[in-house]
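# Structural overview for review
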Amino acid sequence: MCGRYSLFSPREEIETRFDAEFSFDYESRYNAAPSQDLPVITDESPGTIQRMEWGLIPTWADSRTDHGHINARAETLAEKRSFAEAYESRRCLVPADGFYEWVETSGGKQPYRVALPDDDLFAMAGLYERWKPPQRQTGLGEFGASGGDSGGEDDIVESFTIVTTEPNEAVADLHHRMAVILDPSEESTWLRGSADDVATLLDPYDGSMQTYPVSSAVNSPANDSPELIEPVG
DNA sequence: CCAGACGTTGTT
DNA sequence: GTCTGG
DNA sequence: CCAGACGTTGTT
DNA sequence: GTCTGG
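Everything numeric in this text was worked out from a predicted model, so none of it was measured. (Residues numbered from 1 in each chain as written. Chains lettered and ligands numbered in written order. Predicted model: local features only at pLDDT ≥ 70, side-chain atom pairs only at ≥ 80, totals over all residues. Heavy atoms only, no water.)

## Quick look at the sheet that holds strand β9 (residues 108–115)
Ordered by their spatial adjacency, five strands build an open sheet running β3-β1-β8-β9-β14, and the pairing between neighbours is antiparallel. Pairing within the sheet leaves two strands with one partner each, and these edge strands are β3 (29–32) and β14 (210–213). Neighbour-to-neighbour, the strand axes of this sheet turn through a mean angle of 30°, independent of strand direction. In this sheet, β9 lies alongside strand β8 (residues 98–105) in antiparallel orientation, the contact comprising seven bridges. Bridging from a neighbouring strand, Glu 104 pairs with Lys 109 of β9. (Pairing = 2+ DSSP bridges. Helix = DSSP H or I, 4+ residues; strand = E, 2+ residues; numbered from the N terminus. Axes fitted to C-alpha atoms, helices over the stretch in contact; angles between N-to-C directions.)

## Section: the protein's contact with DNA strand B
In the vicinity of DNA strand B there are 17 residues, among which Arg 73, Lys 80, Thr 164, His 175 and His 176 approach most closely. Backbone atoms, meaning sugar and phosphate, form 73% of the atoms of DNA strand B found within 4 Å of the protein. At 3.3 Å from a phosphate oxygen of DNA strand B is found a main-chain nitrogen or oxygen belonging to Arg 81. Measuring from a phosphate oxygen of DNA strand B, one finds a side-chain N or O atom of Arg 177 at 3.1 Å. No other element matches strand β6 (residues 71–73), which puts three residues into the surface near DNA strand B. Split into classes, the residues belonging to the surface near DNA strand B amount to four nonpolar, eight polar and five charged. (Near = heavy atom within 4 Å. Polar contact = N/O pair within 3.5 Å; in protein donor to acceptor, adjacent residues only side chain to side chain. Nonpolar A, V, L, I, M, F, W, Y, C, P; charged D, E, K, R; others polar.)

## Describing a negative patch on the surface
A contiguous patch of negative charge, built from Glu 12, Glu 13, Asp 118 and Asp 120, is present on the exposed surface. Structurally, the position occupied by Glu 13 is in helix α1 (residues 11–18). (Patch = residues over 30% accessible without salt bridge, like charges linked within 9 Å, V, L, I, M, F, W, Y side chains within 5 Å. Areas by Shrake-Rupley, 256 points an atom, 1.4 Å probe, with all protein chains shown as cover. Salt bridge = Lys/Arg side-chain N within 4 Å of Asp/Glu carboxyl O. Lys, Arg positive; Asp, Glu negative; His and termini not counted. Charge placed at Lys NZ, Arg CZ, Asp CG, Glu CD.)

## As for the pairing of strand β10 (residues 122–131)
Of all ten residues that make up β10, nine are buried, and the element is covered over most of its length. Taken together, the six bridges between strand β7 (residues 91–96) and β10 define a ladder with antiparallel strand orientation. Across the sheet, the residue bridging to Leu 93 is Ala 125, located in β10. Pairing analysis gives two bridges linking β10 to strand β13 (residues 181–182), with the strands arranged antiparallel. The partner of Met 124 across the bridge, within β13, is Ile 181. Bridging between β10 and strand β11 (residues 157–165) involves six bridges; their strand directions are antiparallel. Its bridge partner being in β11, Tyr 128 is matched across the sheet by Phe 160. (Buried < 20%, exposed > 50% of the residue type's maximum accessible area, 1.4 Å probe, protein only.)

Take a look at the structure:
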């Protein structure tokens, strides 16, 4: 995976599975796309499922539109300037029940859905960041007239990225990268462990998965309905 | 020293 | 072709 | 990830 | 902010 997933399980199932409660009005998503506000769980607030923007904005970014970092390679997390700090102290879980991969064919791109048996919930490994707009240069001095509202709490943007690794056997037929899916027993370590502790968690998912072609309706992020997860062909 | 980049994917 | 928006 | 835009001047 | 390139 990389760029599109689903989270349609009933609210109660998600809350039970992750022992956390939604802090907003949850609605099923069949086509979650980058730049959207999507559910994540952090160690700062492990009992809460909150929303962040998909596409990590580095703290030093000039603009909130610098949010193209939807994925982060597991192999280089600790080295990359955009991710190193978040890898140290801001890891999160990204709840999902499937994701999409596109396979190039003679007739164009065919989307596939990848999921666990029974569409069971899983957590993808994520990193998050808090971005604040750069202070506006007023020229009015340190305590100059208020008029700029830049830098207030309301301007802070929380965003996340999904960690990728090599594909497992099921996904290798479709793509050469996939999201890191954590074993349930690894989830708390991903949130709370030291960077050394979590390095070993970033391997391809070991369990069985189902993959099947779906409608190209999933191509457009504007579509978001149950038929997107139905098998075709 | 300062300036400029800072990511991934896939495709060529 | 390449960037922006979702 | 894919889809869709990709611009300026002047006028409201 | 911090690292890399010149």
